[in-house]
Structures are given as structure tokens and as C-alpha cells.
Amino acid sequence: MSGKSYIPLCEPHLGGREWDYVKDCLDSGWVSSVGAYVDRFESMLADYTGTGHAVACVNGTSAIHIALLVSGVMPGDEVLIPTLTFIAPVNAIRYAGAWPVLLDVESSHWQLDISKVAHFLEQNCEIRDGMPWNRQTGRRVSAIIPVHILGHPVDMMALLAVAEKFGLKVIEDATESLGAFCHGRPVGALADIGCFSFNGNKLLTTGGGGMIVTNNQTYAKAAKHLTTQAKCSTTEFIHDQVGYNYRLTNVQAAMGCAQLERIEYHLEAKKTIAERYRKAFTGHLQIQLFENAPWAKSCEWLFSLRFRHLPEGLTISRIQQELHARGIGTRPLWQPMHLSPAHADLGRFECPVADELYASALSLPCSVGLTENQQDYVVESLSSILASS
Ligand SMILES: Cc1ncc(COP(=O)(O)O)c(C=O)c1O
């Protein structure tokens, strides 16, 4: 394999009608922020997730920002979120003027630990006006963002029961998990409102893009309004709120339509890759495989595993460097948010499971177009690095 091109972690796969649809935009001149492909992409994703409404956004981060605003999160509120996540949803809480409360994850599927959510609400909060208020900070807790990380769902049935008991709004960050199912239901469509991302490394990509889905018509209307500068009239420039220019362009949406037409192919490819890795590493003494929950159907977005019994000095970062030297792109988990300098002002949170995962996990190449030869090379390379250490 050496001398051949680099194997990236997760690259776009443009194997459908992307060229045709994008060309159609260029030929017709409909390249900007309205157009038939925007409407079509929205309606295709609403159909796929079985939701009543979808609102296209410029990216997943803006989708989460708007979802927080329309679901009634107010400046000064607290929003519960797992510490083990890409930083975007935590930043979005700050954009809304609210405060993230960072909670630990569970060790089996690496998702938000619902027992920690319940414990926080029961032990740290008191109920006033039907809502939980954090006794220590004096702030209202108004919402929770389950982040379905790496393609696997959060245990939403348990989470929804707790959220209902405490009157919390639930905003699903399904940006990494389009195509995953929880108890047979599509992620993103399980709660008040859900958000997707179509950036370059996601299961489907529009270059950059996002989408809000919801069954709540009021939320959908408010989201469309806020993402389009809160303009009240089609003819005059009158705006009734401070809105945002968070629109997706027709060209991006055209790509999205072509990608979504091929989602089953992408899911099947991801599943095959994950199964081949699992088969190759089963029984390896230094590798602990990520287990999918029996109630979950993962979309296997980013194949990740944990190392154990590593000799002194063989860190995640060294394994990553050695794989890079062999032409293989990998990725560590995100620095957990309770350790992030960007959110140091939030105070101290103890999240030992996230700490352990951060120190021991790595994601391996799993592009839809990854060939068996490339995958075998990744397996051989990783095995030999572990054996020679
Ligand atoms: C968990 C999570 N939330 C939010 C986002 C933000 O999506 P985007 O990059 O489209 O803004 C991403 C991906 O990038 C993500 O992984």
C-alpha cells in the first residue's frame, strides 16, 4: 500500500446525480438562497425522518442555534448537554445567551448518561412554576440537547421520560447520526425538534449545510422566519425581529437531493465497513470495540474503538502519528467540553467516563468509498503498530 495515496478519515462520496442537479442550478441561474432544490431537499428530509416540517440551514451549528431559540430557550437559562461532543452545540447554547450544563456519558455506547441527567435534575434542582431551577446558580433549566455521537443514538426513550417529568424541551443534535434509529424510530424525529449537518465528513454532504426537522408547525414557521432575516413581507424590507442569514443555497440543496436519493447505499457501505473492522479486531487484547445497543440501529457514521493495556508511552496521539506516517488518517475524540478552554468559564464538572474515553479512543477511516484493500491496510497497519510496541 505504501506509495499509494493517503487514506482519509471520512471523505464525501458523490456517486449519484450531484452533477446533473448542480448543473441544472447553473443552467437555470437558480444558484442562491431560494429555489426548487431547497424546497425539494426540505421535503425529502421531512419524508425520510417522518416529520411534518423541515427547514434548511447554512450548517448544523446554525440549525441548533435556531432550534434553541424557537423552542423557547431564553438568555440566562441552563441547557443540559453531554460533555463528550464536538463543540458546535455547546457554542450554540452560548449564542442563545444560555448556559451549558455539561454532563457525563455512559461507557457502553459513549452517549449522554440519562442516569446523570436524572440525578442532576433530582439532586441539584428545585421545582418552581413547573420548571427545574438550579439551586446553586439560581438559573432555570429549560432544555436538553442529546447529541447522538458517532452515528449511535442516545437512549431517547429513557431521556424523553425524564424530560417530560421535568418539563424540559428536547433538541436532538442528530448531526452525526442521520440514518440511525432508536427503538425503530429515526433519530432527529424523536423529540421536539431535531438538527442535522451536511458538512464534508457527514454521511451525506452538501459541502456545508444543515436542516431542522420538527412536527411542530409553530417551531417550523419561526425557524424559517429567523433563518431568513425575519423578513415579514415579500415585497418590502420590513423585519419584525433580529433574524439571521442562515439560508442554504439552491446549489447546496441540489447536492443534498442527490445525496439523499442514495442514502441507503451510503448506510449499507458504512455497515459493511463497520462489520469488517469488528470482525478483524474481535478478540484483539488491546482493542475494545464499540458495542451498538440492542435497541439501536447505528448509522455507523464514524467507526471508533478504544485501546486498552497499551504499554507506557504508546498514547492515542502516537498511534495517530504512526498511522499518519503510513498514509492513514484517523481522529481522536473531541476534547470533552468540561476541559475546553473555550468554555472554562462554566466552572468545574466531573466527567470521569468522558475523560477515560478521550484518553483511549480513536476513529478509523470509514469513507463510503473505502475499498476492502484500503481497509485491510488500515487493519494490518494498526495491528503491527500495536504488536511492535
Ligand atoms: C455533534 C455535532 N454537532 C454539531 C455539528 C455542527 O455541524 P456543522 O459543521 O454543519 O455546523 C457537528 C459537525 O460538524 C457535530 O459533529
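Residues numbered from 1 in each chain as written. Predicted model: local features only at pLDDT ≥ 70, side-chain atom pairs only at ≥ 80, totals over all residues.

(A) Inspection of helix H3 (residues 60–70) at higher detail. Here H3 lies mainly inside the structure; 11 of its 11 residues are buried. All of the buried residues along H3 are Gly60, Thr61, Ser62, Ala63, Ile64, His65, Ile66, Ala67, Leu68, Leu69 and Val70. Among the residues trailing H3, glycine 72 stands out with phi positive, at a value near 95°. (Buried ≥ 20, exposed ≤ 12 C-beta atoms within 10 Å, placed from the backbone. Helix = DSSP H or I, 4+ residues; strand = E, 2+ residues; numbered from the N terminus.)

(B) Expanded view of the nonpolar core. Formed by 117 residues in total, the largest nonpolar core has its most connected members in Leu68 and Ile212. A domain-level breakdown of this core finds at least three residues from each of domain 1 (18–262) and domain 2 (264–387). Discounting chain neighbours no more than four positions away, the residues touching isoleucine 212 are Ala54, Val55, Cys57, Ala63, Ile66, Ala67, Ile193, Cys195 and Ala223. (Core = buried A, V, L, I, M, F, W, Y, C linked by C-beta atoms within 7 Å. Domains from an automatic or database assignment. Contact = placed C-beta atoms within 7 Å.)

(C) Just the site of the ligand, in detail. What surrounds the ligand is a group of 14 residues, the closest being Asn59, Gly60, Thr61, Ala88 and Ser197. Put simply, the parts of the chain that give the shell around the ligand at least two residues each are H3 and helix H4 (88–95). (Near = placed C-beta within 6 Å.)

(D) Representation of the sheet that holds strand E16 (residues 361–363). With antiparallel pairing, 4 strands are arranged side by side in an open sheet as E12-E14-E16-E15. Every interior strand has two partners, whereas the edge strands, strand E12 (287–289) and strand E15 (331–332), have only one. As paired strands, E15 and E16 are joined by 2 bridges and run antiparallel to one another. Bridge assignment links proline 332 to a residue of E16, and that residue is leucine 362. (Pairing = 2+ DSSP bridges.)

(E) Examining the packing of H3 against helix H7 (residues 217–227) more closely. Contact geometry for H3 and H7: axes closest at 9 Å, N-to-C directions at 125°. For the element pair H3 / H7, the angle class is oblique. As for how H3 packs across H7, the hand of that crossing is right-handed. Contacts between H3 and H7 pair Ile66, Leu69 and Val70 from the former with Tyr219, Ala222, Ala223, Leu226 and Thr227 from the latter. Here the contact of H3 with H7 is built from residues that sort into 7 nonpolar, 1 polar and no charged. (Axes fitted to C-alpha atoms, helices over the stretch in contact; angles between N-to-C directions. Parallel < 35°, antiparallel > 145°, perpendicular 65-115°, else oblique. Left-handed = near helix turned anticlockwise from the far one by under 90°. Nonpolar A, V, L, I, M, F, W, Y, C, P; charged D, E, K, R; others polar.)

(F) Inspection of the sheet that holds strand E8 (residues 181–182) at higher detail. The antiparallel open sheet is built from 3 strands, whose spatial order is E9-E8-E13. The sheet terminates laterally at strand E9 (185–186) and strand E13 (296–297), the two strands that pair on one side only. Across 2 bridges, the pairing between E8 and E13 is antiparallel. Residue pairing across strands places cysteine 182 opposite alanine 296, the latter belonging to E13.

(G) Quick look at helix H9 (residues 263–281). Here H9 is 19 residues long and its end C-alpha atoms lie 27 Å apart, about the 27 Å a rise of 1.5 Å per residue gives. In this fold, the buried residues of H9 make contact with helix H12 (372–387). With its phi angle positive at about 85°, glycine 283 sits one or two positions after the end of H9. (Expected span 1.5 Å × (residues − 1).)

(H) The arrangement of unusual backbone geometry in detail. The phi dihedral of histidine 183 is positive, around 50°, even though this residue is not glycine. Structurally, the position occupied by histidine 183 is in the loop between E8 and E9. Even without being glycine, alanine 230 reaches a positive phi, approximately 50°. Considering the arrangement of structural elements, one finds alanine 230 in the loop between H7 and helix H8 (250–261).

(I) How the structure looks around the packing of H3 against H4. Running from N to C, H3 and H4 cross one another at 45°; their axes reach a closest spacing of 9 Å. Between H3 and H4, the angle is such that the two are oblique. By crossing handedness, the relation of H3 to H4 is classed as right-handed. Only Ala88, Pro89, Asn91, Ala92, Ile93 and Tyr95 of H4 make contact with H3, whose side of the interface consists of Gly60, Thr61, Ile64, His65 and Leu68. Across the contact of H3 with H4, the residue classes break down as 7 nonpolar, 4 polar and no charged.

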